[in-house]
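Close look at the chain arrangement
Residue-level listing of the chains:
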Amino acid sequence: MNKIIIRNSIRQILRTPLKTAIFLMLIVFSGALVTVGAGLWTRSQVNLKEYEESFITIGTVEQKASSIRQDMVWDAEKKNFIIRQEPEYSYIYPVSSLHFQGAGYTIPPEKRSYYASYTPEYQLVSDHNTFEQIVLVAEFSPLEDCIPNESVNIRINKVLGGNKNLEGTMVWFCSHNEQFPQQIYKDKTYIAYMVSSHWMHGEMVTDEKRGLEYNPIALTTSQYDQNGALIEDSLQNISAYYEVVPSFYETKEGKRYLNFIGSLALQKKTFPVTGTCRTILLMPFYNGDAYITDGRDISDGEYEKGETVCLVSETFAQNNNLAIGDTVNTRLYYTNSRNAASENFGTDGSQAFNFNILNAGGETPKVFEESGYRIVGIYSTAKGAGLSRYGMAGDEMIVPANSIKRKDNILAYSAMQGNTSSFQIPNGSVESFMEELGKNKIANLEIQFYDKGYSSLKSGIDKMRYMSLLLCAVGILICVSLLALYNYLFISKQQKRIAIERCMGIPKRKCMISMLTGMFLVLVLGTLLGCGAGAILSNRITKEDFNHTIYDTTYSNTNISTPEGNHPDTESDFHTTLMVFISCSVSMTFWGTGMGIYKTSSILKSEPMDLLAGEK
Amino acid sequence: MEGNLEIIKVENISYTYRSKYQTTQAIKNIACTFETGVMYSIIGKSGSGKSTFLSLLAGMDLPSSGRILIENSDMAKIDRDKYRMHQVSIVYQAFHLFPLLTVTENVMFPMELQKKNRKLARQKAEALLLSVGLSEKAFQKYPGMLSGGEQQRCAIARAMASEGQILLADEPTGNLDTENEKIIVALMKRLAHEEKKAVIIVTHNEKVACKSDVILKMQDGRLLEVEP
């Protein structure tokens, strides 16, 4: 019986060709509209997801100085004071002050420290360091009794640290920043830590005699406690140079010089270890200036657990024949909570310190933590050679902050700085973050956000998404209206046919088949054609839009991945388009059939007698 | 009547229409019997309940009370779909042909439902159409292309095709001219007498009723009298 019922159903549909053709075309049109909308929406969702994964919004935090301190520093050449400005903080915000309600961090804020690791067994870029040419710890005597308030001639009697070639030579000397330096005598021996940083000046200078002078620097210390408070130096009124008398090296001052000389050797075999809670918080990695070339990044779990794993630089690995899985030993002996490692350790081996590597007692800091870190990744730096504020340091090793149990011998400390304090928030949440920050009234914190143009891209994608949703909604509306019209024309208006079939003894279920088969076939054909056309069209639109987007991403200040990585995955695109096509066509067929079944069922609830009465 | 089979027995049936707003008792306590080989006419004014009675006999609904026995089986207990498919055929005043099937296809349809061979069904359908006076020219036409009389003859041919023993007709000549009316009545009579069907016609046309073997008069849902 089914065969004849299906045949008659199809036959009757085909015998109303105009009505059927119009319905078919309208279904094709609405199916195409729905699929284009759904396709564009899906693509925008996929793009947004890709962007969400690729783009990262990082915020850097810098505490603004509450005031500027102006120090009067004597300039021996100018015979006047010069003003040196130093930021002052009435209160140093701890990182915890950024933990306010509604912040919604992806990675909570951190204030990074780097740790100096003394490891003489490794070959370091600083092995080629030439700071000996610049610094000098030496015993000397002036050629004449004099006050070194301008360039005076001294003979280097003995080089204790620095350029050994200077021993026995005469150099220019001036206690440049002292207004009233102590007199020095030609028959006495003095010791000083000197740096050649000014051109010679004063009466002794002639056209023939031009060169750099050596300036003595007082060996003061700057050690901080765990709370960032400065620990008082064990020596007071420290002079820039001392007379070397018998048993001078037995005195505190003398020992400090010996310790300092020791620290110079230590410094040369030191590499920085930066503790962080995510690699991406380090600006060079975020910017793409640093990238992993071998192995992998430290995982979130390893960061959380504080496992002893690390990332090392390609140069460090090559110089020491290290590979993934090998262990690097660390002996941490001081902590710097002020600078990024790159400010003190250049990738070319240069080093620059604005603090002495001596503790408050004037001693060389003792190793406070020894560990062995397993290499999980080797990174390379695309650029940067010298010292920089936002860069990678020479031989810098990256480890989970949680893996360092002690933070001791803090020789430098400051408020949060942009290159050492950062956090991650979800993309697109900058405004809400700043709003919440404002509510918490945290002043004097300058937060700089980096999102690589995500906001602009998202705005474009959002527009595409709204447009696609509109298309989709219009398509669905048309589709539903059509199906309702179709139900009316092909079912409600054919109540008589149902009544006749029921009068002829055709069971309700078969009446349903009779009514819906033809409609179902037209619907399936229409949705297949419409959704197929829509899928092809949406694919073309998204491809064109994506190409357009590639060109437009030039406003993104850096690349987050290789250019190839930005191209859409053709296979994935095909699958997405196929899924959209299947979903739309199945949904439309399902809805159309469902509406038909519902309508037919409601008609079939009536007895044939009532149906015929209704016809009359 | 002798030799005839009592095929329908109506036992005190009543039927009430219930709509949202009102309840109407259309049939009130009717009892009667119908035999094969006899042409019956049910007459009465509009609203007397004759069409409702016919629909109940066709098994399109069940009486609110009482029962209808078809060959001694209670209609409430039999499969009414099967009953309508195999035992009863209905001819309507408005013909109720499938407008999108040809005349032949309309007549073939009940036979195909009964799983008869398609070729044989076509042959029989054409024979039936010829027997009711339709020319071959009409075979492939759609019902809408025929006159009222031709459509009704097609409807009768379709009713004959199902080979049921009962033929019910609701005002079969209501839309026809006198000439066609005569042809249709003659056809009905032939079906009753020659093919031994129980033919029950609802009509308000006294000329048609006079041609019947038995006349049942209805008024206000009641059966007033039965004239042999």
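Some remarks on the overall build of chain B
Each helix and strand in chain B was counted, giving seven helices and ten strands. Pairs at least 24 apart in sequence give 71% of the contacts found in chain B among residues at least 6 apart. Per element, the accessible surface of chain B, about 10100 Å² overall, is 47% carbon and sulfur.

Regarding the overall build of chain A
Helices and strands together make up the secondary structure of chain A, namely 13 helices and 22 strands. With an accessible surface of roughly 28700 Å², chain A has 55% of that area assigned to carbon and sulfur atoms.

Focus: the side chain of E213 of chain A
Residues and elements named next belong to chain A. Inspection of the secondary structure puts E213 in strand β10 (residues 212-217). No salt bridge is formed by the buried E213; its nearest oppositely charged neighbour, K79, is found at 9.4 Å. Within polar-contact distance, the side chain of E213 engages the side chain of H201 at 3.2 Å. Those residues in contact with E213 that sit more than four places away from it in its chain are S151, W172, F173, C174, H176, V195, S196, S197, H198, W199, M200 and H201.

Quick look at the interface of chain A and chain B
Facing 26 residues of chain A, the contacting portion of chain B comprises 29 residues. For the pair chain A and chain B, the summed buried surface comes to about 2600 Å²; carbon and sulfur atoms form 62% of the total. Counting the contacts that link chain A with chain B gives four salt bridges. For the salt bridge of R11 of chain A with E105 of chain B, the shortest nitrogen-to-oxygen distance reads 3.5 Å. At the junction of chain A and chain B, the tally comes to seven residue pairs in polar contact (both at pLDDT 80 or more). Those elements giving two or more residues to the side of chain A that touches chain B turn out to be α1 (2-14), α10 (495-503) and α13 (608-615) of chain A. Here the side of chain A that touches chain B is composed, by residue class, of eleven nonpolar, four polar and eleven charged.

Topic: the pairing of strand β2 (residues 67-75) of chain A
Residues and elements named next belong to chain A. One ladder, built from nine bridges, connects β2 with strand β3 (residues 80-88); its direction is antiparallel. Across the sheet, residue V73 finds its bridge partner in β3, namely I82. Counting the residues in the hairpin turn of β2 and β3 gives four residues, including K79, whose phi is positive at 50°.

Focus on the sheet that holds strand β1 (residues 6-18) of chain B
Taken together, the four strands give an open sheet; going across it, the order is β2-β1-β4-β5 (chain B), and neighbouring strands pair in antiparallel fashion. A single partner strand is all that each edge strand has here, and the edge strands are β2 (23-35) and β5 (73-74) of chain B.

Digging into the pattern of salt bridges
Counted by the stated rule, this structure contains 24 salt bridges over all chains. Here R278 of chain A and E304 of chain A are joined by a salt bridge, their closest N and O atoms 2.9 Å apart. Separated by 26 residues along the polypeptide, R278 of chain A in the loop between β14 (270-276) and α4 (283-287) and E304 of chain A in helix α5 (residues 300-305) bring together distant segments of the chain. Overlapping salt bridges bring together R7 of chain A together with E112 and R118 of chain B as one network.

Observations concerning the packing of aromatic side chains
Residue and element names in this part refer to chain A. Within the structure shown, the criterion is met by 33 aromatic pairs over all chains. Centroid distance F100 to F433: 5.4 Å. Interplanar angle 50°. Geometry classified as tilted. Placement of F100 in the loop between β3 and β4 (107-111) and of F433 in helix α8 (residues 430-439) is noted, with a sequence separation of 333 residues between them. Residue class for F100 comes out buried when judged on its relative accessible area of 9%. Given a relative accessible area of 1%, F433 falls into the buried group. Plain terms: the ring middles of Y105 and F423 are 5.1 Å apart, the flat faces sit at 70° to each other, and that makes the pair edge-to-face. A residue pair is termed long-range when its members are at least 10 positions apart, and Y105 in the loop between β3 and β4 and F423 in strand β21 (residues 421-425) qualify at 318 residues. The class of Y105 is buried, set by a relative accessible area of 18%. A network of ring pairs unites the aromatic residues F100, Y105, F423, F433 and F449 as a single cluster. In this structure, K111 packs its charged tip against the face of Y413, placed 3.9 Å from the ring centre.

Some details on the confidence of the model for chain A
Caution applies to low-pLDDT parts of the model: their predicted coordinates are not meant to be read in detail. This prediction gives chain A a mean pLDDT of 85; 92% of its residues lie at or above 70. Taken as a whole, residues 548-568 of chain A scores under 50 in pLDDT and shows 23 contacts with residues more than four places along the chain or in a different chain.

What about the sheet that holds β21 of chain A?
Residue and element names in this part refer to chain A. Spatially, β4-β21-β1-β22 is the arrangement adopted by the four strands of the open sheet, whose pairing is antiparallel. The open sheet has two free edges, formed respectively by β4 and β22 (445-450), since each of these has just one partner strand. Neighbour to neighbour, the strand axes of the sheet diverge by 20° on average, direction disregarded. Bridging between β4 and β21 involves three bridges; their strand directions are antiparallel. Bridging from a neighbouring strand, I107 pairs with Q424 of β21. Its contacts with the sheet place α8 against β1 (57-63), β21 and β22, and it is angled at close to 170° to β22.

With respect to helix α5 (residues 148-161) of chain B
Spanning 14 residues, α5 of chain B covers 20 Å between terminal C-alpha atoms, matching the ideal 20 Å at 1.5 Å per step. Burial within α5 of chain B is extensive, with twelve of its 14 residues counted as buried. Listed as buried for α5 of chain B are G149, Q151, Q152, R153, C154, A155, I156, A157, R158, A159, M160 and A161 of chain B. Contacts from the buried residues of α5 of chain B go to α10 of chain A together with β6 (88-92), α3 (103-113), α4 (118-131), β7 (166-170) and α6 (178-193) of chain B. In the segment just after α5 of chain B, E163 of chain B is the residue with positive phi, at about 60°.

Here we look at unusual backbone geometry
Residue and element names in this part refer to chain B. Located in the positive-phi region is E71, a residue other than glycine, with phi close to 45°. Secondary-structure assignment places E71 in the loop between β4 (65-70) and β5. The class of E71 is partly exposed, set by a relative accessible area of 35%.

Some points on the packing of helix α2 (residues 17-54) of chain A against helix α9 (residues 454-490) of chain A
Residue and element names in this part refer to chain A. Look at α2 against α9: their axes get within 8 Å of each other, and the N-to-C directions meet at 155°. Between α2 and α9, the crossing angle belongs to the class labelled roughly antiparallel. As for the relative orientation of α2 and α9, their crossing is left-handed in sense. Among the residues forming the contact of α2 with α9, the class breakdown is 28 nonpolar, eight polar and five charged.

A few points about the pairing of strand β6 (residues 135-142) of chain A
Residues and elements named next belong to chain A. In terms of residue burial, β6 counts as a mostly covered element, since eight of its eight residues are buried. Sheet topology note: the β6/strand β9 (residues 190-199) ladder contains six bridges and is antiparallel. By the bridge assignment, L136 is partnered in β9 with M194. Pairing of β6 with strand β7 (residues 152-162), which is carried by seven bridges, proceeds in the antiparallel orientation. The residue of β7 that forms the bridge with F140 is I156.

Definitions and limits used
Residues numbered from 1 in each chain as written. Chains lettered and ligands numbered in written order. Predicted model: local features only at pLDDT ≥ 70, side-chain atom pairs only at ≥ 80, totals over all residues. Heavy atoms only, no water. Helix = DSSP H or I, 4+ residues; strand = E, 2+ residues; numbered from the N terminus. Contact = heavy atoms within 4.5 Å. Areas by Shrake-Rupley, 256 points an atom, 1.4 Å probe, with all protein chains shown as cover. Buried < 20%, exposed > 50% of the residue type's maximum accessible area, 1.4 Å probe, protein only. Lys, Arg positive; Asp, Glu negative; His and termini not counted. Salt bridge = Lys/Arg side-chain N within 4 Å of Asp/Glu carboxyl O. Polar contact = N/O pair within 3.5 Å; in protein donor to acceptor, adjacent residues only side chain to side chain. Buried area = accessible area lost by both parts, 1.4 Å probe. Nonpolar A, V, L, I, M, F, W, Y, C, P; charged D, E, K, R; others polar. Pairing = 2+ DSSP bridges. Phe/Tyr/Trp six-rings, centres within 6.5 Å; stacked < 30°, edge-to-face > 60°. Lys NZ or Arg CZ within 6 Å of the ring centre and 35° of its normal. pLDDT = per-residue confidence, 0-100. Axes fitted to C-alpha atoms, helices over the stretch in contact; angles between N-to-C directions. Expected span 1.5 Å × (residues − 1). Parallel < 35°, antiparallel > 145°, perpendicular 65-115°, else oblique. Left-handed = near helix turned anticlockwise from the far one by under 90°.

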